[in-house]
Amino acid sequence: MKRLISLLMVLILLMGVTACGSVEKENQIKEQEEEKIQIGMSFDSFVIERWQRDRDIFVSVAKELGAEVNVQNANGDVEEQKKQIDYFIQKGMDVIVIICIDSDSLQDSVKKAQDAGIKIIAYDRLIVDADVDLYISFDNAMVGTMMAEALIDEGLAGGKVVMLGGSPTDNNVPMVEGAFRKVMKDNQVTILASTHADGWKAEKASNFIYENPLVIANTDAIMCGNDDLATQVVRALAEKRKAGSILVVGQDADLAACQRIVEGTQVMTVYKPVEKLAARAAEASVALAKGEEIQGEDVTIMANGQYQIPYIGLEPIPVNRDNIDEVIIGSGFHLKEDVYLNVPAEMPQ
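Residues numbered from 1 in each chain as written. Predicted model: local features only at pLDDT ≥ 70, side-chain atom pairs only at ≥ 80, totals over all residues. Heavy atoms only, no water.

Now for the nonpolar core. The biggest cluster of nonpolar side chains holds 51 residues, and the ones touching the most others in it are Phe58, Tyr123, Ile222 and Val233. Leave out the neighbours within four places in its chain, and Tyr123 touches Arg50, Trp51, Asp54, Val97, Ile98, Ile99, Ile136, Val274, Leu277, Ala278 and Ala281. Among the nonpolar cores identified, the runner-up in size contains 22 residues, and Leu151, Met163, Met268 and Val270 belong to it. (Core = buried A, V, L, I, M, F, W, Y, C linked by side-chain atoms within 4.5 Å. Buried < 20%, exposed > 50% of the residue type's maximum accessible area, 1.4 Å probe, protein only. Contact = heavy atoms within 4.5 Å.)

So, in C-alpha cells, the structure goes:
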C-alpha cells in the first residue's frame, strides 16, 4: 500500500512538472509571436498579373527576416482600402505597405496610421501629399521613354499613335505618359487619340478598338498602359486581321506579352524585376519597424507634393525579340517552353 501511495505521489509530481513545462512553453511561443514584426500589406487588387508575384516575394523575404505579413486585397475599392488601413491600425501593425488605388485619397489614412506610431511605405505607386516613410517603385518616366523609343526604333517617326493608358487615379500613369509624349513630340509623331482604362479594367482598351474603327484604321501604333491592356488590344486587332501590322507596346512582361513578342504581334514590353522591388521593400519594412534608417546607394529624396520623402527607384529593362531570351528566360522570370509555347519548333528561337 505504501508503495502504491509513493508511486501515485511521484506521478502527481511528474504531471505537475509536465503541466508547468507546457504552460511555460506556450508562454514562450506566445511571447515570440508577439515580438515578431507585424506588417500589413494592402493591395489595390490582383487583377494585374504581376501583383501576385510581388506579394509572394515580399511575404517570403519578410518571413526570412523574422516578420509576419497580413495581406489584404481591396479589389479596386478605395473605401475598402481605407477600412483595411484602419484595421491594420487597430491591430497595432509596425509597418503598413500600401499599393494604392487612388494616389489622391489616402492622406488622412496615412496620417492616422503615423499618429499611431506606424510606419508607411507607398509600394510602386506614389501617395500624393502624404508624408510617407518611403516610396519605392520603378523609374516610371524611364518606362514611358522605353516604350516610346521602341516604337521609334520600329520606324514610327512622323507616324501616328493611339495611347490607351491605365487608371487615371494611378500616379504612375501621368509619369509614364508624360515621358512617352515627349519622345513622340521630338519625333513628330501625331497622337490620334488618348484614353484611360478606369481601375485598370483591360476590356476598356478593347472596347476602344471596337468603337473607334476609323481611328484604328489610320494609326500605326498603339501604346498600352500595361500588358493586360495590350492582351485585349491585340485580341481585338486580331479580329480585324490587324494583329502584327499595328505596332503595340506595353509593360510588366506578363507571360502573354512575352509570347506575343516572339510571335510578332507585340513589339516590346518593359520588364520590372519585381523580385528586386519586393525584396527591397521587405528589407526596408523590417528596418523601419526596428527604428533604423533605410540605408543604400539607391535611396534618394523626392518631392511628394508638399513633402520631401525617401525614395527608392529601381531601373526597368526594355524587352524585345532580340533580348527576351537573356532578360526574361535567363533570369527565370518565365520558362522558355512557356514563352515559346505558340511558336512552331522549326522556327528559330
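What follows continues from the structure just given.
Our next topic: the sheet that holds strand β3 (residues 95–98). As summarised here, the arrangement of the 7 strands in space is β2-β1-β3-β4-β5-β12-β11, forming an open sheet in which the pairing is mixed. The two strands at the open ends of the sheet, each matched to only one other strand, are β2 (67–73) and β11 (299–303). Each strand axis lies, on average, 25° off the axis of its neighbour in the sheet, ignoring direction. Two strands pair when backbone bridges link them, and strand β1 (residues 37–43) and β3 are joined in this way by 4 bridges, in the parallel orientation. Bridge assignment links Ile39 to a residue of β3, and that residue is Val95. In the packing of helix α11 (residues 274–289) onto the sheet, contacts are made with β1, β2, β3, β4 (119–123), β5 (134–138), β11 and β12 (308–314), and the angle to β4 comes to roughly 170°. (Pairing = 2+ DSSP bridges. Helix = DSSP H or I, 4+ residues; strand = E, 2+ residues; numbered from the N terminus. Axes fitted to C-alpha atoms, helices over the stretch in contact; angles between N-to-C directions.)

Next up on the list: the pairing of strand β6 (residues 160–165). Walk down a regular strand and you will see the side chains alternate between the two sheet faces. Across the 6 residues that make up β6, a large majority, 5, are buried. Pairing analysis gives 6 bridges linking β6 to strand β7 (residues 190–196), with the strands arranged parallel. In the strand pairing of β7, Met163 is matched with Ser194. Handedness of the crossover joining β6 and β7 through helix α6 (residues 172–186) is recorded here as right-handed. Where β6 and strand β8 (residues 221–224) come together, 4 bridges link them in parallel fashion. In the sheet register, Val162 faces β8, and the bridge partner there is Ile222. (Right-handed = clockwise from strand over helix to strand, strands pointing away.)

We now examine unusual backbone geometry. Despite not being glycine, Gln188 shows a phi value in the positive range, around 55°. Since its relative accessible area comes to 59%, Gln188 is described here as exposed. Non-glycine residue Trp200 carries a positive phi angle of around 60°. Assignment of secondary structure puts Trp200 in the loop between β7 and α7 (203–211). For Trp200, a relative accessible area of 8% puts it in the buried group.

Further remarks concern the side chain of Asn140. Counting through the fold element by element, Asn140 comes out in helix α5 (residues 140–153). For Asn140, a relative accessible area of 4% gives the class buried. Within the structure, the side chain of Asn140 is placed 3.2 Å from the side chain of Asn172, a separation counted as a polar contact. (Polar contact = N/O pair within 3.5 Å; in protein donor to acceptor, adjacent residues only side chain to side chain.)

The sheet built from 4 strands is open, its strands ordered β7-β6-β8-β9 with parallel pairing. In this open sheet, the two strands that pair with only one neighbour each are β7 and β9 (247–249). Each adjacent strand pair in this sheet contributes to an overall mean axis angle of 15°, direction not counted. Along the sheet face, α5 touches β6, β8 and β9 and points at about 160° away from the line of β9. Running at roughly 145° to β6, α7 makes contact with β6, β7 and β8 of the sheet.

No statement about biological role is implied by the geometric values presented.
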